[in-house]
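# An overview of the molecular structure
Below, each chain spelled out in residue letters.
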Amino acid sequence: MLRLHDTATASVRPVELREPGQVSMYVCGPTVYDYPHLGHGRFTLVFDVLRRYLLFLGLDVTYVSNITDIDDNIIKRAAEEGRSEEEVTEEYEAAWWEAMDALGVLRPTATPHATDYVDDMVSLVGDLMARGVAYETSDGVYLDVDKVPGYGLLAGQPLDSLRAGARVEGNDEKRSPLDFVLWKRAKPGEPQWAAPFGAGRPGWHTECVVMSLDLLGDGFDIHGGGQDLKFPHHENERAQAVAEGRPFARHWVHNGWVVVDGEKMSKSLGNFTSLTDLLAQRDGRAYRLLVLRSHYRSPIEVTAATIADAEEALVRLDNLARRFSLADPLADGGYVVDGVGAGADLDPSAVERFRLALDDDLDTAAATAGIFDLARRANSAMDAGDEAGAELAARTAAVLAAALGLAVRPADVAPDDESLALAAERDAARAARDWARADELRAVLSERGWAVEDGQAGTVLRRR
Ligand SMILES: [Zn+2]
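Bear in mind the structure is a predicted one, so any value in this text is a computation, not a measurement.

### Things to note about the overall build of the protein chain
Scanning the protein chain for helices and strands turns up 15 helices and 15 strands. Taken over the C-alpha trace, the protein chain has a radius of gyration of 25 Å; the compact-globule value for 464 residues is 23 Å, and the two agree within 12%. Dimensions along the principal axes, computed over C-alpha positions, put the protein chain at roughly 75 × 50 × 40 Å. Evaluated residue by residue, the protein chain yields a buried proportion of 44% over its 464 residues. In the protein chain, once contacts between residues fewer than 6 apart in sequence are set aside, the share between residues at least 24 apart is 73%.

### So, the pairing of strand β2 (residues 11-14)
A regular strand carries its side chains on alternate faces of the sheet. Pairing analysis gives 4 bridges linking strand β1 (residues 3-6) to β2, with the strands arranged antiparallel. Bridge pairing in β2 links Arg 3 to Pro 14. Counting the residues between successive antiparallel strands, the hairpin from β1 to β2 contains 4 residues, one of them, Ala 10, with a positive phi of roughly 50°.

### As for the nonpolar core
Counting 123 residues, the largest nonpolar core has Ala 397 and Ala 401 as the members making the most contacts within it. Mapped onto the domain boundaries, this core takes at least three residues apiece from domain 1 (3-259) and domain 2 (282-403). Setting aside residues no more than four positions away along its own chain, Ala 401 makes contact with Leu 317, Ile 371, Leu 406 and Val 408. Counting residues in hydrophobic clusters, the runner-up holds 8 residues, among them Leu 422, Ala 423, Leu 441 and Trp 450.

### Regarding the sheet that holds strand β8 (residues 200-202)
Taking strand neighbours across the sheet as the criterion, the 4 strands line up as β5-β6-β7-β8 in an open arrangement whose pairing is antiparallel. Single-partner strands in this sheet number two, and they are β5 (134-136) and β8. Neighbour to neighbour, the strand axes of the sheet diverge by 25° on average, direction disregarded. Pairing between strand β7 (residues 180-185) and β8: 3 bridges, direction antiparallel. In the sheet register, Lys 184 faces β8, and the bridge partner there is Arg 201.

### A short note on the environment of Trp 204
Residue placement: Trp 204 occurs in helix α6 (residues 204-216). If we ignore the near neighbours within four places in the chain, the residues touching Trp 204 are Thr 68 and Asp 71.

### Some details on the domain arrangement of the protein chain
Along its sequence, the protein chain is organised into domain 1 (3-259), domain 2 (282-403) and domain 3 (417-463). At the junction of the two partners, domain 1 supplies 26 residues and domain 2 supplies 24 residues. Those elements that place two or more of their residues in the side of domain 1 that touches domain 2 are β1, α1 (38-56), α3 (85-103) and β11 (258-260). With 11 residues, α1 is the largest single contributor of residues to the side of domain 1 that touches domain 2. Each residue belonging to the side of domain 1 that touches domain 2 can be placed in one class, and the counts come to 17 nonpolar, 6 polar and 3 charged.

### Observations regarding helix α15 (residues 435-447)
With 13 residues, α15 ought to run about 18 Å at 1.5 Å a step, and its terminal C-alpha atoms sit 18 Å apart, in line with that. Of the positions making up α15, those classed as buried are Ala 438, Leu 441 and Leu 445. Mapping the buried residues of α15 onto a view down its axis gives an arc of 65°, with all of them on the same face. Opposite the buried face of α15, at more than 90 degrees from it, the exposed residues are Ala 436, Ala 443 and Glu 447.

### Points about the packing of α6 against helix α7 (residues 230-243)
In the contact formed by α6 and α7, the axes pass within 8 Å of each other and the chain directions differ by 60°. Comparing the axis directions of α6 and α7 gives the class oblique. Crossing of α6 against α7: the hand is right-handed. Contact residues: α6 offers His 205, Thr 206, Cys 208, Val 209 and Leu 213, while α7 offers His 233, Asn 236, Glu 237, Gln 240 and Ala 241. Classifying every residue of the contact of α6 with α7 by side-chain character gives 4 nonpolar, 5 polar and 1 charged.

### Examining α7
The end-to-end C-alpha separation of α7 is 18 Å, in line with the 20 Å expected for 14 residues at 1.5 Å each. For α7, the tally of buried residues reaches 10 of 14 residues, placing the bulk of the element in the interior. Considered for burial, the residues of α7 that qualify are Pro 232, His 234, Glu 235, Asn 236, Glu 237, Arg 238, Ala 239, Gln 240, Ala 241 and Ala 243. Among the structural elements, α4 (118-130), β6 (140-143), β7, α6, β9 (222-226) and β10 (251-255) are those in contact with the buried residues of α7.

### Some remarks on the packing of α4 against α6
Axis separation between α4 and α6 bottoms out at 10 Å; the angle between their running directions is 105°. By the angle class used here, α4 and α6 are roughly perpendicular. Touching Asp 120, Met 121, Leu 124 and Val 125 of α4 are Thr 206, Glu 207, Val 210 and Asp 214, all from α6. In terms of residue class, the contact of α4 with α6 is built from 4 nonpolar, 1 polar and 3 charged.

### Considering unusual backbone geometry
The omega torsion across Phe 231 and Pro 232 is 5°, close enough to zero to call that bond cis. Here Pro 232 lies in helix α7. With a phi angle near 50°, Ala 10 is a residue other than glycine that sits in the positive phi range. By C-beta crowding, Ala 10 is classed as exposed, having 12 other C-beta atoms within 10 Å. Residues other than glycine seldom take positive phi values, yet Asp 361 does so here, at roughly 55°. Inspection of the secondary structure assignment puts Asp 361 in the loop between α11 (348-359) and α12 (364-383).

Conventions and cut-offs
Residues numbered from 1 in each chain as written. Predicted model: local features only at pLDDT ≥ 70, side-chain atom pairs only at ≥ 80, totals over all residues. Helix = DSSP H or I, 4+ residues; strand = E, 2+ residues; numbered from the N terminus. Rg over C-alpha atoms; globule rule 2.2 N^0.38 Å. Buried ≥ 20, exposed ≤ 12 C-beta atoms within 10 Å, placed from the backbone. Contact = placed C-beta atoms within 7 Å. Pairing = 2+ DSSP bridges. Core = buried A, V, L, I, M, F, W, Y, C linked by C-beta atoms within 7 Å. Domains from an automatic or database assignment. Axes fitted to C-alpha atoms, helices over the stretch in contact; angles between N-to-C directions. Nonpolar A, V, L, I, M, F, W, Y, C, P; charged D, E, K, R; others polar. Expected span 1.5 Å × (residues − 1). Arc of directions from axis to C-beta. Parallel < 35°, antiparallel > 145°, perpendicular 65-115°, else oblique. Left-handed = near helix turned anticlockwise from the far one by under 90°.

In structure tokens, the structure reads:
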């Protein structure tokens, strides 16, 4: 049985489904006002891998992830660039899906947009006011968190320290510094919607509670996101559901930080590194493998060196696919279902180890190590003449990698003339013991999308 860490109980516990065989998941999506950053890449990969594993187990998964298409940052970007909010959100939403496709992230079952749900949000805010848990100020409507039993659960810190840490926003009309905005009154020239409590637009925390409950229903199974969303975003979503008396997520899953040169990756720190840039230069599979090799709750470091390391490992899998003529189980962009877990076609003990690792709080590091172990075994068995054993191990490695969304690509792509000329120049530099020049040329070839290997007859280029 799958066990996952649950932020609400601060423990690893079994995922007990609302309905047997059916999993409902909500993962907070992007605010589309800029190119996606590396943190976006990580959380989408982590939850894509979780979703794929649930599918592998034979479960039906409904996966909802929203697009925030109205927000202060979008309004600011539109004003700076002298264009409409819609033009900004269309451009960056397109960039988002392009990056997701390059990462091999399955499209959500549903992708609600905040602006399509404003009427429902207006109803919710009105209802919270009628219940006496929300109040008006001169700039909007706020939730009175002191009226919500158990507020602060997901933060995992006492309320007093949260209060002390709450940002001073210059709004002295709030009853508590932790009270958060449900509805912002319109300023001139800003997008706005009519509401009984004054024209304006919804606060960010309101859209996710409305859309998740509408599309997945009360008490849906898993709510996910990066750990920076635990508090206040997820806690504030939860507070609104509690105030409405509606059961909310049964299990809260949060992934760890992305670290870039020692700094936590987060928009608010301003160390913005674009996922789009990374994907323009590198194989999206390398980032997936980098994510898979760490536990999802641990921080990961994304640097040129860690990506290159993942690329080297990918070459081993691709070489295996080439040696054994393995088909890519994800060639049609789908996923792998193996409800039994040990069909006649796969190595049953390897599949069992794979499942045990992932059932244990999605230990993808152990599961991935098992796949590379299978690849080594396949090569050794083949070298020793055990063709049947070798093929079983190789096939199992490819299918289990695909179950995690990692495609193996056996096809050789012939290098273009210019790349071959650079490879020849590198061989000449090596013959002349000009190692600096040889390294430079390796980097140039790598930029051109080639994994560079030293073969018997000189440089060998393989498409990443
Ligand atoms: Zn959200």
